[in-house]
Structure formats: C-alpha cells, structure tokens
Amino acid sequence: MLKRKFIIAAVFVTAFLGFCVANSNFPKKGSVTFGAKEPPKLSLSHQNEGFRTIFADIAEKVIPTVVSITSTQIDTVYYRNNPFDMYGFGFPFGPDPRGQQQPQARERRQSGIGSGVIVSSDGYILTNSHVVYGASEIKITLHDDNEYPAKIIGVDTLSDVAVIKISQDVKNLPVAYLGDSEKLRPGDFVMAVGNPFNLSSTVTTGIVSALGRHTDSQQYQNFIQTDAAINPGNSGGALVNIDGELVGINTMIYTRSGGYMGIGFAIPISMAQNIMEQLIYTGEVKRGWLGVSIAIIDQAMYDALGIKEKGVLINEVFENAPAQKAGIQSGDVVLSLAGKKTLNPNELRNIAASLVAGQKYPIEIIRDGKKKTLTVIPTARGTTTTDATKEGEKSSAQPENNKHFGMTIKETQNALVVEDVEANSICERAGIRISDIILSVKTAPDKPFIDVKTVKEFNKEVKDAKSGALIIRLNRNGQKFFVTIKPEK
C-alpha cells in the first residue's frame, strides 16, 4: 500500500514539473537569433581606410629586414682524469700508477640569442653591443631561414651599439629604411620586431610612452620608451614608426619578473646611426668633449638664480679645456648647445658627445641673470684628470660669528671648511656635509659668485644678500658642486 502511494506521488510531482517547464519563461531552442546580421560599419574616412591593415602592411615590409643573431662564446677548460689533482693532492696512495697525467683541454660553448637590423644590401647589420660583445662565433638567420656566419665590425659599450657584417658575399638583401627619431612624439604608434625567446619574426605594437629616458649617468643614453612588448631576444631588433621607418634599436626592458612589464627602451636611430657610421668607417667612436662637470637644477636654485628657462648648471670648468677657452664659467646655466635645447644634464651630455672635434658651435648660457652666446670648439673625448684641491690643516683664529643656518665654519690655510652641521638644519637638508670646502657664494640673481676664503668674507656676503636664498659652491673630495640655502621665514 505504501509503495503504491509513493508511485502515485512521484507521478504527480513529475506531471507538475512538466507543467511548470512547459509554461515557464524559457524560450524554445532555436527561437533566438544570436549576433548581428552585419558587421559594425566603422566611420572611417576614405583617407583612413588603410588603417584596417596598416600594421600587417608594416610587418610585411619590416620583418624581412630583421635577423636572428646567435652569438657563441667559446672557452677552453682544462681538467685532469684524477679528481685529486685539481686540489693539488696527487694520487691518494702514492704515485699515479698510470703515470704522469697531463691536463686535458675541453671546449665550453655558451650561446645567446638576439636580433639585428639589416642596414645595407651587402650585409651590414645594426644591433646591440651586449648581443655580440665577446662572441667567438656569430650566426645570422634571415627571415627566409637562410643562415650565414658573421663578424664583428665594431662595438661601443657606452651606447650599447654594435655593427656586424655577414662574412660571405651577399647581395640585394632587404634593407630597413632609416627614419628620423627626432620627429617622434609621445603617443606615436610604433611596432617592435625581433626574436623574443627565439620566436623568430615576432611583431608587437604600442605607442611611444616617453622620450629622452636614461638609466645610467655613466653611459650615453637617450632612450625611446615604449609599451610595445619587448622581451629577452628582442635586443638589437627594430622599432619602426607608422610609416615602417626604423626609428630605434630595441635594447632593454624594465622588469621585476624577467619578462615584459609594459616598459621597454630603444636607442634612437639618430644616435645609433652616428655611432654605426663611425664604427664602419673608422673602427672607433669619437665623442665631443667640453671639459665641464654638470648638475641638474632644482626649483630652489632656479628661484635663487632668478631664471625660468630650463637649463643645466656648470659645476666646474676644467683647466685648459674647450669650455674654459670659450669663456664658460662655473655657475653658468647652459640653455642650448649647437642650436639644441639642453633641458637636463643627460641632454647636454649627449649633444656634446655628438659634436665634431675642432668645429665651432654656439652655446647659449645665462650668467648673473643675463643671456650670452659663446662659441666653443670641442675636442675629442679622452682620458682626463682633474687636480683636486689640497687644503692645509693648520687652523687660524676664528671670528665670533662662524655659525649660519645650522652650519659651523672654520678657516684653514687658504680655505673655508664646514666644521659641523646640525641635524635637520637648513644646511643639512640642502646637502652640506662636514669637511665640505666653501669656495664661493652668490647672493642675488644679478650678482656674480664671490670667492670666500675666510669667515669674515663669508659673513659679509651673507649680510649683503639681496634675495631670500644663497647659492654656495662647495668642494667635496675634489668634486665641485652647488647647493641652495633658502632661510626659513
């Protein structure tokens, strides 16, 4: 009886559920049409119709000009069959019964992958120095998978530029068109072409994120920053603009993971081409040299100098250097060189390096609030030394007022030295340190720097200050630089 009631209940529930489904809001299968009947019609003008295929068209033209580079370093490793010999112990139980064993030589090969750009139809290739530097063997693989040996023509580690050439006679290779990187603007479309992780002929797109980037003040850098994906293996590859013109050589990335993080850097072709031609025609890179040490100007110093235009501060002018012969002085602010604006020290360094030794160039400066244009004749950069100022240790009598802005000064033989700096004082925050040597003081934008060698002379300048800030020139271990003291009101 119980079983019969259970069956009746199950039938009733099934019928009820069937009724609910039949009368639910779910549509019948096939009754819904998915997707629009026509693709979206973009409102592109006839001038922009080509944008649909622009990147594919660029890739089609540029990919054949980019090669894969396999560089191999070959080292010779010596070893002995007797493992105890490497520690100088000899055979553990007397003389080696096999006789004296001579060291055996074994070849060790280490290979790396990079990219390069063909710049001449007979096989010159532009790449990074870190891709080929120190390589014993270099193999080039073209887009069509043909392989050739190559040799190093020259490397410049200071700019990370190198030139190699296919060793065999080749003709009519596809060649990249060298564009004008000076015309690039942040926001311009760019495409990176290379061999990331040995995946040949890879293209990525992005924009120019920024210009004039640098990561190392000891190298000559003026990087194009891009968000086009660059990864290991892209080094030495092409960065091209929307017209397919070569505007940069991909060189490095910013990463915390070892891979792409949205920030890549390329050497502008304007810089790379100049270095490339020097390496090909002379085998070395010669850079212009002015003979100055330079520094960035912060806002406090701009206010103290009374200038609004961006420029670079001359810390020191080396003796008998081109800058000294041109009349440039310590404390001058350089606004432009050779007709190009110098908004920061890196720009001035790179512009000076591009100058030809022996030629005349205009250099615009501000001195004591007035603009001047001088003529400088750079020489070729070489190894230079500067004489550090040697100061005596013999102290002289100290005037009473030898404390200013939390700084205590004292006289030594022919010099004025910082004896003490109070913690968190104005002077400490400005960067003054104990044992710094005070060389000169500028008290107003329209006044020159006045040399001070005694506390009395320093006190006079501070008393005669006409502005709310002082600029002090210091010598720290032979390095001369400026600081700005802005008294708190």
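Not measured: the values here are computed from a predicted model.

Reading the values: the criteria
- Residues numbered from 1 in each chain as written.
- Predicted model: local features only at pLDDT ≥ 70, side-chain atom pairs only at ≥ 80, totals over all residues.
- Heavy atoms only, no water.
- Salt bridge = Lys/Arg side-chain N within 4 Å of Asp/Glu carboxyl O.
- Helix = DSSP H or I, 4+ residues; strand = E, 2+ residues; numbered from the N terminus.
- Buried < 20%, exposed > 50% of the residue type's maximum accessible area, 1.4 Å probe, protein only.
- Contact = heavy atoms within 4.5 Å.
- Core = buried A, V, L, I, M, F, W, Y, C linked by side-chain atoms within 4.5 Å.
- pLDDT = per-residue confidence, 0-100.
- Phe/Tyr/Trp six-rings, centres within 6.5 Å; stacked < 30°, edge-to-face > 60°.

Notes on the pattern of salt bridges
Enumeration over the complete set of coordinates arrives at eight salt bridges. Between K480 and E316 there is a salt bridge, and its shortest N-O distance comes to 3.1 Å. In this pair, K480 sits in strand 27 (residues 479-485) while E316 sits in strand 15 (residues 312-317), placing the two residues 164 residues apart along the sequence. Per residue, the accessibility class of K480 equals that of E316, and both read buried. Taking the shortest distance from any N to any O, the salt bridge between D436 and R476 comes out at 2.7 Å. In this pair, D436 is assigned in the loop between helix 8 (426-430) and strand 24 (437-442) and R476 in strand 26 (residues 470-476), connecting sequence segments 40 residues apart. Of the residues examined, D436 reaches a relative accessible area of 1% and is grouped as buried.

Structural notes on the side chain of D156
Considering the arrangement of structural elements, one finds D156 in strand 5 (residues 147-156). Look at D156 and you get buried, because its relative accessible area is 8%. Apart from the residues within four sequence positions on either side, D156 is in contact with S129, V161, I275, L279, V285 and R287.

Topic: the nonpolar core
Of all hydrophobic cores here, the largest spans 27 residues; its most connected members are V62, L126, A238, V240, L246 and A272. Elements that contribute at least two residues to this core include exactly helix 2 (54-62), strand 6 (161-166), strand 7 (189-194), strand 10 (238-241), strand 11 (246-253), strand 12 (264-268) and helix 4 (269-281). The leading source of residues in this core is helix 4, at six residues. If we skip the residues at most four places from it in the chain, V62 touches V193, A238, V240 and G244. Core analysis: the second largest hydrophobic core is formed by 20 residues, L416, F458, L470 and F481 among them.

Focus: unusual backbone geometry
Even without glycine at this site, N198 takes up a positive phi of about 65°. Positionally, N198 belongs in the loop between strand 7 and strand 8 (202-213). Its identity is not glycine, yet S435 carries a phi of approximately 80°, on the positive side. Tracing the sequence through the fold places S435 in the loop between helix 8 and strand 24. Since its relative accessible area comes to 52%, S435 is described here as exposed.

A few points about the confidence of the model for the protein
On average, the protein scores 81 in pLDDT, and the residues at 70 or more come to 78%. Within the model, the stretch residues 383-400 combines pLDDT values under 50 with 25 contacts to residues more than four positions away or in other chains.

A look at the packing of aromatic side chains
According to the stated counting rule, one finds four aromatic pairs in the structure shown. Aromatic side chains F55 and F189 sit 5.6 Å apart centroid to centroid with 75° between the ring planes, which places their arrangement in the edge-to-face category. With F55 in helix 2 and F189 in strand 7, this pair connects stretches of sequence that are 134 residues apart. We classify F55 as partly exposed; its relative accessible area is 23%. Aromatic side chains F223 and F265 sit 5.6 Å apart centroid to centroid with 40° between the ring planes, which places their arrangement in the tilted category. Of this pair, F223 sits in strand 9 (residues 223-226) while F265 sits in strand 12, and the two are 42 residues apart along the sequence. Here F223 falls in the buried class, since its relative accessible area comes to 5%.

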